[in-house]
Amino acid sequence: MDIHEFDEIRPYEKGEMKEALNQLLGDRHFNKMMQGLAPWLPKGLRNGLFRMMFIGVKTPLDFQLRFMKHVVRYVLKKYARGYTFNHDTISNRGNQLFISNHRDIVLDSAILDLMLHEAGFPTTCEIAIGDNLLIYPWIKTLVRMNKAFTVRRSLKAKEMMESSILMSRYMHYAITEKKENIWIAQREGRAKDSSDHTQDSVLKMLAYGGEGTIVERLKELNIVPLTISYEYDPCDYLKAQEFQQKRDNPSFKKSKQDDLDNMKIGIFGKKGRIHYEAMPCINTWLDELSELPKTEIFSEIARRIDQQIHAGYSLFPGNYVAADMLNGTSTYARHYTEKERKVFETYLQSRIDLVEIANKDENFLRERILTMYANPVFNKQNALR
């Protein structure tokens, strides 16, 4: 398979990083952003320092280890209360596709990369990112330097099929020939209510590449369900706000600025504790489904992946408080103290106070935020039955 078949969507390769850096430093919007970070430095000196920092960076992995791991560590130190990673079930050789619930636009995969590196894995992940987030050319350049490949959105049916086939072929190529890990979300976009469910269409796309039966094609990817748990979602009030905006105006759509705001707040907002739980590779049970009709196999695989992801949730006191507040019960009271309940109640009101829209419906917003924090409790309970 020729890698140039995937030039339209793939990350940069060794030998392409220098040209990518030149594109980045020549971009007006990127320089404006860099000026905001270091306004006291003249452009020439700023670019010169950036080039010096780039000496020895020849691959996207080099870029991640030189720059991104330090950025992510800083963000976690400043905006989180610790992070943990249970990876006992997975291989340390690479060659697996992590499919996870989606909590943060930018950090889900970035934190995973840091955790893989700190756990001694030889490579990080190539990551799938929607082109709707590549608002400026410099963002596309930067994410391709950071091992990202592009998921094309908003295409016509025929174009979407062609794009999905190309992307699937690339992922099979990355796993089998490049010996990379891959991260992909279980659905398009984040689950605004934190009830995480795998879309059949994602699994169908993964099965377009490779050879053999559906099961054989999926087994080639070594798919590992991954559960991401945040104690606090920095964008919870923005998600609740969007729920009301769509309730009041069914045709409402977020703007590009809304996406940028979500990315910024997701990175620099309060997160509390963070836990990543890698579940066993689905190859351990995929053969059991080989005789299912084609019309049923993807929905059954999705159901089982969901069950694994839900079972892997790390639940915090606020999750249990939210579940009891939502239902008006004390069913989960053994999981939190009265002090922890009051802390969460204060947090909840502070998030509602951040919403600034016309006809603000506090009762509706409260119910939406409570649902976000309660759904992991309900889903884990059902998964473990």
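Residue positions within a chain follow its written sequence, with the count starting from 1. Reporting in this predicted model follows two pLDDT cut-offs: at least 70 for local features of residues, and 80 or more for side-chain atom pairs to be given and counted; totals over whole chains, interfaces and linings ignore these cut-offs and use all residues. Heavy atoms throughout the structure, all of them, feed into the side-chain values; hydrogens and water do not.

Draft legend 1. Spotlight on the sheet that holds strand β6 (residues 223-230). Here seven strands make up an open sheet; going across it, the order is β1-β7-β6-β2-β5-β3-β4 and the pairing mixed. Each edge of the sheet is formed by a strand with only one pairing partner; in this case those strands are β1 (80-86) and β4 (148-151). Across the sheet, the axes of successive neighbouring strands diverge by a mean angle of 25°, strand direction being ignored. Whether two strands pair depends on DSSP finding at least two bridges between them. Secondary structure counts use DSSP, requiring at least four H or I residues in a row for a helix and at least two E residues in a row for a strand, with both numbered from the N terminus. Summarising the sheet, strand β3 (residues 125-130) and β4 pair through four bridges and their orientation is parallel. Bridging across to β4, I129 finds its partner in T150. Sheet strands in contact with helix α7 (residues 157-176) are β2 (97-100), β3, β4 and β5 (181-185), and its direction is about 160° off that of β4. Between N-to-C directions, angles span 0 to 180 degrees; the directions come from axes that are lines fitted to C-alpha atoms, helices contributing only their stretch in contact. Every residue pair with non-hydrogen atoms within 4.5 Å of one another is taken to be in contact.

Draft legend 2. Region of the structure containing helix α1 (residues 17-25). Exposure is judged per residue with a 1.4 Å probe applied to protein chains only, and the accessible area is read against the type maximum: over 50% gives exposed, under 20% gives buried, and values in between give partly exposed. Within α1 the residues assigned to the buried category are M17, A20, L21, L24 and L25. Looking down the long axis of α1, one finds its buried residues gathered within 130° of arc, a one-sided arrangement. Those residues of α1 that are exposed and angled more than 90 degrees off the buried face are K18 and E19. This arc corresponds to the set of directions leading from the helix axis out to the C-beta atoms.

Draft legend 3. Structural context of unusual backbone geometry. At K147, a residue that is not glycine, the phi angle is positive and equals roughly 70°. Inspection of the secondary structure puts K147 in the loop between α6 (137-145) and β4.

Draft legend 4. Geometry of a nonpolar patch on the surface. On the surface, L45, L49, M52 and I55 cluster together into a nonpolar patch covering about 410 Å² of accessible area. Looking at the secondary structure, you find L45 in helix α3 (residues 43-53). We classify L45 as partly exposed; its relative accessible area is 45%. Like charges are joined within 9 Å and nonpolar side chains (Val, Leu, Ile, Met, Phe, Trp, Tyr) within 5 Å, but only among residues with over 30% relative accessible area and no salt bridge; these make up the patches. All accessible-area figures derive from a Shrake-Rupley calculation using a 1.4 Å probe, and residue coverage is judged against the displayed protein chains alone. Take a side-chain nitrogen of Lys or Arg and a carboxyl oxygen of Asp or Glu: if they are within 4 Å of each other, that pair is a salt bridge.

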